[in-house]
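Letter by letter, the chains look like this.
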Amino acid sequence: MRAINRKLYRDLQDTWGQALAIILVIAAGTSTFVMSISTYDTLVQTRDAYYRDYRFEDIFASLNRAPESLREVIESIEGINKVETRVVASAKLTVADFPEPVLGEVVSIPDFGEPTVNRLYLLQGRYPDPVRDDEVILNQVFANAHNLVPGDSFEMIIKGRLETMRVVGIALSPEYIYQVAPGAIMPDFKRFGVIWMSRDAVGKAFDMDNAFNNVVMTLQPGVNPKDIIERLDLLLEPYGGRDAQEREWQVSHRIFKSDIDQLEQMAGMFSSIFLGVAAFLLNIVVSRLINTQREIIAALKAFGYSNIDIGLHYLGYVGVIITIGLLLGIAGGIWLGIALSNLYMEFYRLPYMEFEFRLSIITIAVMITFLAASVGTLFAVNRAVKLPPAQAMKPEPPAKFRKTLIEKLKVFSLLPQMARMVIRHLSRKPVKASLSIAGIALACSILVVGSFFRDALEFLIDIEFGLAQREDMTIVFTEPSSRNAYYNILNLEGVDYGEVYRSVPVRLVNGHRTYLTGINGYQEQRDLHRPLDTNHEPIDIPTQGILLTDYLGELLDVEVGDIVNVEVLEGRRPVDQLRVAGLVNQYFGIGAYMDINSLNRMMREDDVISGVYLKIDPAYEQQIYHQLKDMPRVANFETNRHIVQAFNDTSAEMVYIFVGFIFGLAVIITFGVVYNTARIALSERGRDMASLRVLGFTRGEISYILLGELVVLTLIAIPVGMIIGRLLSWYMIQEIPKEIFRVPLIIENSTYAISATVVIIASILSGLVVRNRLDHLDLIGVLKTRE
């Protein structure tokens with residue numbers, strides 16, 4: 001082994017603590033990148049394969065009722081590959097040992113053979129026997145939630161008739177990767193299920209013999225979906241067609257896609273921060289190492305080592321650290337990628353997971369890491385190789401100091417002597433102090449970002465279900481009904497108060513901008529369901545005009561006072577123009593609001609309602625459930641308590657796992673940065689501290705001086721890190737798709753406190769390590785001069 005290589009080994013031994021901290025930071029950044037990209041590739045690969053193999057729809061459309069003979073006309077449209085006409089209907093379910101309301105979406109499948117579009121992935125059992133009207137296949141997530149297996153049974157109310165259905169199969173479908181009830185945003189696996197029945201059985205049950213109310217299709221490669229949709233809309237309009245849509249607007253696909261896109265964002269942002277901090281630490285460590293080895297560099301050159309040899313030596317030091325960090329990061333990233341992919345598989349109910357790990361990911365990770373590290377160390381290495389031997393033999397010339405602005409202040413002279421020494425040293429090296437502050441601040445910012453989503457979602461739930469939607473229960477009717485239905489429900493025992501609403505599907509148009517949504521009409525006197533303004537105050541709904549959610553206003557590019565075209569997609573399908581009366585703040589969904597009487601007039605209908613919001617006595621909750629189940633006019637009812645509970649059990653759980661992962665990595669980087677800052681300070685000022693000990697300073701006093709600098713740097717860095725964390729959180733919000741819900745920029749004081757506490761604990765532990773080294777300073781060795 002060459003002598004210079006043995007020196008490399010000794011350098012690593014001498015700085016093992018700092019090297020380990022940098023290795024962990026590099027490993028954290030690399031593992032984040034590898035995990036995110038490999039999971040992203042896996043999900044995209046699995047999704048595309050699943051969609052392809054099970055023929056997920058390219059276009060879907062709903063209508064009132066059309067004869068089955070129309071299918072041949074649809075199939076004749078040039079560019080369409082496969083067509084599946086179906087009957088889709090809602091039904092109320094009763095499951096054993098579960099007294100709460102359950103909604104089922106019944107979807108027909110062919111009597112013989114598999115569906116040509118949206119095929120089923122059969123996990124257990126078989127397809128229903130076409131001669132049996134009581135056999136069904138259940139979606140896996142609903143079956144698991146109620147422990148239902150083939151052979152079990154449950155009850156279903158169809159058109160007012162109570163039927164006993166027998167489970168013969170458990171399946172998954174690409175149409176229901178994210179299983180959510182119609183009109184809902186959050187999944188509730190116990191209270192909503194998908195049920196597949198033979199076409200003949202569904203037709204008889206819902207009076208749809210030789211007819212359909214839903215059609216899905218796949219397209220031939222290269223076909224423009226918009227061309228097909230235009231022709232399809234013309235065909236379906238006489239049958240109450242409600243605008244065909246392409247796959248991008250399918251709820252399950254849209255939510256799944258938004259989550260996948262967030263993985264890319266996470267890979268870019270967090271990996272950049274981690275690797276940027278690693279580059280910063282490497283630059284400081286290598287610079288400090290070179291400054292303390294000026295004589296050694298001169299001796300190496302005197303013994304014939306070239307500038308290239310010396311440069312490669314220090315780059316080798318950096319390379320060893322990077323290589324170990326990369327190996328740990330890649331291994332950890334693959335392990336975390338598999339774990340995260342399996343988590344997504346469970347949450348989104350994918351039938352299989354094709355874990356995709358491309359070698360190009362390693363190549364990109366290595367290139368990014370080495371590039372970041374090179375930027376951080378090349379300047380220091382360049383200084384080493386350019387150092388002339390004669391100059392390197394001399395001690396580094398002392399810096400020229402003069403009184404700084406702080407030292408000129410009168411208050412400075414009032415400080416204790418050691419406090420003046422701390423402030424003087426920091427103020428005379430502002431660049432070095434600023435870099436240390438930046439490193440600690442970045443670590444603090446990641447802690448803030450790691451907890452931001454938890455705070456935002458908790459705030460979102462409090463606003464939506466504490467201020468805006470204050471009802472206990474929402475009831476949806478099977479079809480628009482008169483006020484008599486409201487009075488019947490209001491007379492139920494245990495119902496304290498109720499408010500009616502009217503919901504209408506519409507297309508809103510402003511120039512070339514269009515958006516499919518719904519208008520909700522509310523009564524004038526409202527105490528339960530209240531739109532809020534941007535200050536979270538209830539807003540009055542004017543008797544004329546329309547209110548839009550603020551994000552919908554952005555999508556349509558309209559402001560208060562502008563005119564928007566409204567195309568109704570049900571009933572007589574009237575078209576009208578309405579003035580935008582205001583914009584309301586809403587975190588869940590995208591919609592519009594009107595006075596219910598104005599909406600009734602626009603629909604050219606009488607005093608019609610779509611449902612009721614209720615305030616109930618909790619003691620009568622179960623009794624009200626049973627009574628509502630027996631009402632044929634009631635299509636569905638759900639409670640806000642169940643919505644929040646379902647959110648906490650599903651989406652919130654995913655968020656908390658993400659928060660925990662990021663917080664764990666943030667803790668690693670925090671300790672790495674703070675520890676390196678403290679150790680570098682000790683290495684640079686070890687000689688000064690030993691000199692003070694010889695002059696009579698106690699161990700406590702020199703600890704005060706050195707650790708006092710760390711305290712000052714940490715206290716300055718914490719608020720800076722909080723500001724950076726808030727800015728990073730804002731950036732993440734801008735990148736999150738906003739169609740499903742908008743994440744508010746809310747960071748609780750507790751998050752700032754926890755982030756500051758972690759940084760302070762890291763500083764204390766690092767200070768204890770430094771204090772231990774101060775207590776064992778080799779005074780004679782440190783004081784040896786190089787003159």
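On a predicted model such as this, the values are computed, not experimentally measured, just so you know. (Residues numbered from 1 in each chain as written. Predicted model: local features only at pLDDT ≥ 70, side-chain atom pairs only at ≥ 80, totals over all residues. Heavy atoms only, no water.)

**A closer look at the overall build of the chain**
Item 1. From N to C terminus, the chain includes 24 helices and 20 strands.
Item 2. Within the span of the chain, comprising 787 residues, buried residues form 54% of the whole.
Item 3. Of all intrachain contacts in the chain linking residues separated by at least 6 positions in sequence, the fraction that spans at least 24 positions is 82%.
Item 4. With an accessible surface of roughly 34,600 Å², the chain has 56% of that area assigned to carbon and sulfur atoms. (Helix = DSSP H or I, 4+ residues; strand = E, 2+ residues; numbered from the N terminus. Buried < 20%, exposed > 50% of the residue type's maximum accessible area, 1.4 Å probe, protein only. Contact = heavy atoms within 4.5 Å. Areas by Shrake-Rupley, 256 points an atom, 1.4 Å probe, with all protein chains shown as cover.)

**A short note on the pairing of strand E15 (residues 546-549)**
Item 1. Residues Ile546 and Leu548 line one face of E15 and the alternating positions Leu547 and Thr549 line the opposite face, and both faces are buried.
Item 2. For E15 and strand E17 (residues 575-584), the ladder comprises 4 bridges, and the chain directions are parallel. Each residue of the ladder has a partner; that of Leu547, found in E17, is Gly582.
Item 3. As defined by bridge partners, E15 adjoins strand E18 (residues 592-595) across 2 bridges and the pair is classed as antiparallel. Counterpart to Leu547 in the pairing with E18 is Tyr593. (Pairing = 2+ DSSP bridges.)

**Details of the nonpolar core**
Item 1. Leu43, Phe256, Tyr348, Leu350 and Ile705 are the most contacted members of the largest nonpolar core, which totals 92 residues.
Item 2. Looking at this core, the elements that each hand over two or more residues are helix H2 (16-53), helix H7 (251-292), helix H9 (307-348), helix H14 (417-428), helix H15 (430-468), helix H21 (651-694), helix H22 (699-735) and helix H23 (749-775).
Item 3. Tallying contributions element by element places H15 first for this core, with 20 residues.
Item 4. Each of domain 1 (256-324 + 361-456 + 651-784) and domain 2 (495-616) gives at least three residues to this core.
Item 5. In this view, Leu350 contacts Leu43, Thr46, Tyr50, Leu172, Ile177, Phe256 and Met345; residues no more than four positions away in its chain are not counted.
Item 6. Among the nonpolar cores identified, the runner-up in size contains 27 residues, and Val87, Ala91, Ala143 and Met165 belong to it. (Core = buried A, V, L, I, M, F, W, Y, C linked by side-chain atoms within 4.5 Å. Domains from an automatic or database assignment.)

**Structural notes on the pattern of salt bridges**
Item 1. In the structure shown here, the tally under the stated rule is 21 salt bridges.
Item 2. As a salt-bridge pair, Glu135 and Arg126 come within 3.0 Å of each other at their nearest N and O atoms.
Item 3. Residue Glu135 is classed as buried on the basis of its relative accessible area, which comes to 2%.
Item 4. The exposure class assigned to Arg126 is partly exposed, which follows from its relative accessible area of 38%. (Salt bridge = Lys/Arg side-chain N within 4 Å of Asp/Glu carboxyl O.)

**Focus: the confidence of the model for the chain**
Item 1. Of the residues in the chain, 88% have a pLDDT of 70 or more, and the chain-wide mean is 82.
Item 2. Mean pLDDT across the secondary structure elements of the chain bottoms out at helix H24 (residues 779-783), with 62, and peaks at strand E6 (residues 135-139), with 95. (pLDDT = per-residue confidence, 0-100.)

**A short note on H9**
For an α-helix, 3.6 residues make a turn, and residues three or four places apart therefore share a direction.
Item 1. Between its terminal C-alpha atoms H9 stretches 57 Å, which fits the 62 Å expected from 42 residues at 1.5 Å a residue.
Item 2. Remark: Arg349 follows H9 within two positions and exhibits a positive phi of approximately 55 degrees. (Expected span 1.5 Å × (residues − 1).)

**Remarks on the environment of Thr639**
Item 1. For Thr639, the position within the fold is in strand E20 (residues 634-639).
Item 2. For the pair Thr639 and Glu471, spaced 168 residues apart in the sequence, the C-alpha separation amounts to 8.1 Å.
Item 3. Discounting residues that sit within four places of it in the chain, Thr639 has contacts with Asp472, Met473, Glu621 and Tyr625.

**Brief notes about the packing of aromatic side chains**
The description of an aromatic ring pair uses the distance of the two centres, along with the angle that the planes make with each other.
Item 1. The tally for this structure, following the rule as stated, stands at 15 aromatic pairs.
Item 2. The interplanar angle of 65 degrees and the centroid separation of 5.5 Å between the aromatic rings of Tyr50 and Tyr54 together place this pair among those described as edge-to-face. Across the pair, exposure class does not vary: Tyr50 and Tyr54 are buried alike.
Item 3. Between Tyr344 and Tyr348 the ring centres are 6.0 Å apart and the planes differ by 5 degrees, which places this aromatic pair in the stacked class. Here Tyr344 and its partner Tyr348 are both found in helix H9, 4 residues apart, which amounts to about one turn of the helix.
Item 4. The exposure class of Tyr344 is buried, given its relative accessible area of 7%.
Item 5. On the accessibility criterion, Tyr348 (0% relative accessible area) is buried.
Item 6. Linked through ring pairs, Tyr50, Tyr54, Tyr121 and Tyr352 together constitute an aromatic cluster.
Item 7. When the ring centre of Trp249 is taken as origin, the NZ or CZ atom of Arg254, which lies over that ring, is 4.3 Å away. (Phe/Tyr/Trp six-rings, centres within 6.5 Å; stacked < 30°, edge-to-face > 60°. Lys NZ or Arg CZ within 6 Å of the ring centre and 35° of its normal.)

**So, the packing of helix H1 (residues 3-14) against H9**
Geometry of a packed helix pair, given as the angle between the helix axes and the separation of the axes.
Item 1. The N-to-C vectors of H1 and H9 enclose an angle of 40 degrees; their axes lie 10 Å apart at closest approach. Relative to H9, the element H1 lies oblique. Both H1 and H9 take part in a crossing whose hand is right-handed. Across from Ile4, Lys7, Leu8, Asp11 and Leu12 in H1, the residues of H9 making contact are Asp309, His313, Tyr314, Gly316, Tyr317, Val320 and Ile321.
Item 2. Looking at side-chain class alone, the contact of H1 with H9 contains 7 nonpolar, 2 polar and 3 charged residues. (Axes fitted to C-alpha atoms, helices over the stretch in contact; angles between N-to-C directions. Parallel < 35°, antiparallel > 145°, perpendicular 65-115°, else oblique. Left-handed = near helix turned anticlockwise from the far one by under 90°. Nonpolar A, V, L, I, M, F, W, Y, C, P; charged D, E, K, R; others polar.)

**A few points about H23**
Item 1. Taking 1.5 Å of rise per residue, 27 residues should cover 39 Å, and H23 covers 38 Å from first to last C-alpha, within 8% of that figure.
Item 2. Of all the positions in H23, only Thr751, Tyr752, Ser755, Ala756, Val758, Val759, Ala762, Ser763, Ser766, Gly767, Val770 and Leu774 are classed as buried.

**As for a nonpolar patch on the surface**
Item 1. A grouping of Ile760, Ile761, Ile764, Leu765 and Leu768 is seen on the molecular surface, where their side chains present a nonpolar patch of about 440 Å² in accessible area.
Item 2. When you line up the elements, Ile761 lands in helix H23. (Patch = residues over 30% accessible without salt bridge, like charges linked within 9 Å, V, L, I, M, F, W, Y side chains within 5 Å.)

**What to know about unusual backbone geometry**
Glycine aside, the phi torsion of most residues is negative, and most peptide linkages are trans.
Item 1. If you check the backbone angles, Arg55 has positive phi at about 50 degrees while not being a glycine.
Item 2. Given the relative accessible area of 36%, Arg55 is considered partly exposed.
Item 3. Notably, Asp557 is not glycine yet its phi reads approximately 60 degrees, a positive angle.
Item 4. Within the secondary structure layout, Asp557 lies in the loop between helix H17 (550-556) and strand E16 (563-568).

**Points about the environment of Leu327**
Item 1. Positionally, Leu327 belongs in helix H9.
Item 2. The class of Leu327 is exposed, set by a relative accessible area of 57%.

**Digging into the side chain of Thr46**
Item 1. Relative to the elements of secondary structure, Thr46 occurs in helix H2.
Item 2. Setting aside anything within four residues of it in sequence, one finds Thr46 in contact with Leu350, Tyr352, Met353 and Glu354.

**Points about the packing of H15 against helix H20 (residues 640-649)**
Item 1. The geometry of H15 relative to H20 is characterised by a closest axis approach of 12 Å and an angle of 170 degrees between their N-to-C directions. Taken together, the axis directions place H15 and H20 in an arrangement best described as roughly antiparallel. Here Leu457, Ile461 and Phe465 of H15 lie close against H20, whose contacting residues are Asn640, Ile643, Val644 and Phe647.
Item 2. When its residues are assigned to classes, the contact of H15 with H20 shows 6 nonpolar, 1 polar and no charged.

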